[in-house]
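Now for the letters of each chain:
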Amino acid sequence: GVSLLVMSWAMSSPAFSGPDEGEHYLRALSIANGQLLGPRVPYRNAAETSSQVAFAAHDTRGVRVPAVMSPPGFQCLSGHRDRAACVEATATGDYYPLPYLLPAVAIRAAGSASTGLWLARIASVLPCALMLVLAVLLLWDQSALSVIGLSASLTPMVFFTASVVNPSGLEICASLSLAAASLRIARENGASPRWVWVVLAGSGATVLLSFQAGPAFAIFDLLLGFGLLGWSRARQLCVSNRYRSIAAGSVLLVAAFAWLVYSQSSGIAHAQFGVSPVVQSLKAAIAQMHVVLYEAIGVFGALSVALPAAVRLPWLLVVLSLVIGAGMLATARERVVLAATICVAFAFPVLANAWIYRHSGFALQARQVMPVLLLVPLLAGEIVYRNRRRLRMRSVLTAEVGGLGLLAALEFAAWVVNAHDATGAQGTAMADQHPVWNPPLGWTLWTLMAAAGAASIFVAALVRPRPVTESLAVAPRLQG
């Protein structure tokens, strides 16, 4: 279901319609040309403020672009295009290369910008889908209740961001995989198989090397499991899994060192930190949080296609229900970890926006902080699952069938909203009734794929390979 949804999202948005997708396409093309960092070139945008131009100029690099591979809306720095190729500027020219490696390989096989973009999207989707599937495998334990938190974390914005060329999609998906591995190890008291530790190391390194805030997100993900275990239990776990914990820790340390070296050598680490004026900056950042939360559920296209309240509010209701249920069922330790996670999830975007990002002149976007926001429903669902023996059977079935069924329906509804905007068919019954733009292979295939993906998630709540009563006594319960 997850794989079908993310692929249908990738093919349902018009080419170069994602946030700054043309800029990210040029970054991948630069790597395809064999340039980790292109030459510094001037950044020009008459529509932006002086602060925005100054901030973007730090990251702007030149890319040699063949005429047939030039994305729409970009011009040669010389003012005219040669017959073969010319140098164009991208404001993402020094971004961390990891998310662009597979798209770069795909672009080398393309003969036009349109083909290059579709191949790059597919190449971007593959590692994102892998991370999401790993997250499902890590938390799935014979009942849909074991992944109810993960399902609530997989907002339509997660699928959209993972479906277009950009580094945020891989960062978000890898963060969910890392958090799931951390929760799985805590759930099993260190008795997890070797592949779980491999996923923890691999997804952790991916989070670290995807974007600038990667180390913070990796720490938050790891602290979920650490918090549920407690210091003494976590230390015992590391001792009993000495070689696995040393190997995973070594991989994460090497990735953190690589992140630091690239940050300093590329020039991407140029963000300004300033707290003054404290009160005004915090008030402005807090006032913007409702927009960030709104986007975290789903705002598509170039942040121009908003979800209706009929989709957004039920999703918020599911998350709120999980948080309230977790608070009621949790042990003392779990309640503290949940409260701390909620505080961090709201404080991190506010402080980052008030003291760092506001100096760039740009507004904070949800995709830049979603790895920490999504930890709230993920942890709440895990706590409900860990305390499932305190629930009545009817409550378990309601959460599984009703919760996953509603989320699956909202996933498909969000996909339809995006498809209708792409075709200009808002208000019609089907997106292909008034086609303005058609994706590769037509709308029918991708509509069926999106419907099949949503249906698969719902079916997961219905299929029971063994009695529910048997699956309700799997994981050990932590003492408060």
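Not measured: the values here are computed from a predicted model.

A word on the side chain of Ser 175
Moving on, step 1. Its place among the elements puts Ser 175 in helix H8 (residues 167-187).
Moving on, step 2. Judged by relative accessible area, Ser 175 falls into the buried class, the value being 1%.
Moving on, step 3. Setting aside residues no more than four positions away along its own chain, Ser 175 makes contact with Val 207, Asp 221 and Pro 371.

Some remarks on the state of the cysteines
Moving on, step 1. Inspection of the entire model under this criterion finds one disulfide.
Moving on, step 2. Between the sulfur atoms of Cys 76 and its disulfide mate Cys 86 the distance is 1.9 Å. On the sign convention where negative is left-handed, the bridge of Cys 76 and Cys 86, at about -80° about the S-S bond, is left-handed. With Cys 76 in the loop between strand S1 (61-66) and strand S2 (85-90) and Cys 86 in strand S2, the pair connects residues that are ten residues apart, well separated along the chain. For the residue pair Cys 76 and Cys 86, the accessibility class agrees, reading buried in each case.
Moving on, step 3. Unpaired in terms of disulfides, Cys 173 finds its nearest cysteine sulfur in Cys 128, a separation of 4.3 Å.

A word on helix H17 (residues 375-386)
Moving on, step 1. The end-to-end C-alpha distance of H17, which contains twelve residues, comes to 16 Å, matching closely the 16 Å that a straight helix rising 1.5 Å per residue would cover.
Moving on, step 2. With twelve of twelve residues buried, H17 is to be regarded as a mostly interior element.

Describing the layout of surface pockets
Moving on, step 1. Taken as a whole, the second largest pocket spans an internal volume of roughly 580 Å³.
Moving on, step 2. Every residue lining the second largest pocket is counted, 26 residues in all, and those nearest its centre are Leu 200, Leu 222, Phe 226, Cys 238 and Leu 252.
Moving on, step 3. Among the elements that line the lining of the second largest pocket, the one with the most residues is helix H10 (residues 214-229), at seven residues.
Moving on, step 4. Here the residues of the lining of the second largest pocket are counted per class, giving 20 nonpolar, five polar and one charged.

Regarding the pattern of salt bridges
Moving on, step 1. This model, assessed by the stated rule, comprises six salt bridges.
Moving on, step 2. One salt bridge in this structure joins Arg 367 and Asp 20, with 3.8 Å as the shortest N-O distance. Here Arg 367, found in the loop between helix H15 (332-355) and helix H16 (370-373), pairs with Asp 20, found in the loop between helix H1 (2-12) and helix H2 (21-32); they are 347 residues apart in sequence, far enough to count as distant.
Moving on, step 3. A residue is classified by how much of its surface remains accessible, and Arg 367, at 8% relative accessible area, is buried.
Moving on, step 4. Between Glu 382 and Arg 187 there is a salt bridge, with its nearest N and O atoms 2.7 Å apart. Here Glu 382 is found in helix H17, whereas its partner Arg 187 is found in helix H8, with 195 residues between them in sequence.
Moving on, step 5. Residue class for Arg 187 comes out buried when judged on its relative accessible area of 3%.

Overview of the environment of Ile 457
Moving on, step 1. By secondary structure assignment, the location of Ile 457 is in helix H19 (residues 443-462).
Moving on, step 2. Relative accessible area serves as the criterion here: at 17%, Ile 457 is assigned to the buried category.
Moving on, step 3. The spatial distance from the C-alpha of Ile 457 to the C-alpha of Gly 230 is 33 Å, given a sequence separation of 227 residues.
Moving on, step 4. If we skip the residues at most four places from it in the chain, Ile 457 touches Gly 1, Leu 5, Leu 404 and Ala 408.

Rules of the game
Residues numbered from 1 in each chain as written. Predicted model: local features only at pLDDT ≥ 70, side-chain atom pairs only at ≥ 80, totals over all residues. Heavy atoms only, no water. Helix = DSSP H or I, 4+ residues; strand = E, 2+ residues; numbered from the N terminus. Buried < 20%, exposed > 50% of the residue type's maximum accessible area, 1.4 Å probe, protein only. Contact = heavy atoms within 4.5 Å. Disulfide = S-S within 2.5 Å. Expected span 1.5 Å × (residues − 1). 1 Å grid on protein atoms, 1.4 Å probe; cavity = no way out; pocket = protein on both sides within 12 Å on 5 of 7 lines; lining within 4 Å. Points joined across faces, edges and corners; volume = space filled by probe spheres on them. Nonpolar A, V, L, I, M, F, W, Y, C, P; charged D, E, K, R; others polar. Salt bridge = Lys/Arg side-chain N within 4 Å of Asp/Glu carboxyl O.

In short, shape yes, function no, at least from these values alone.
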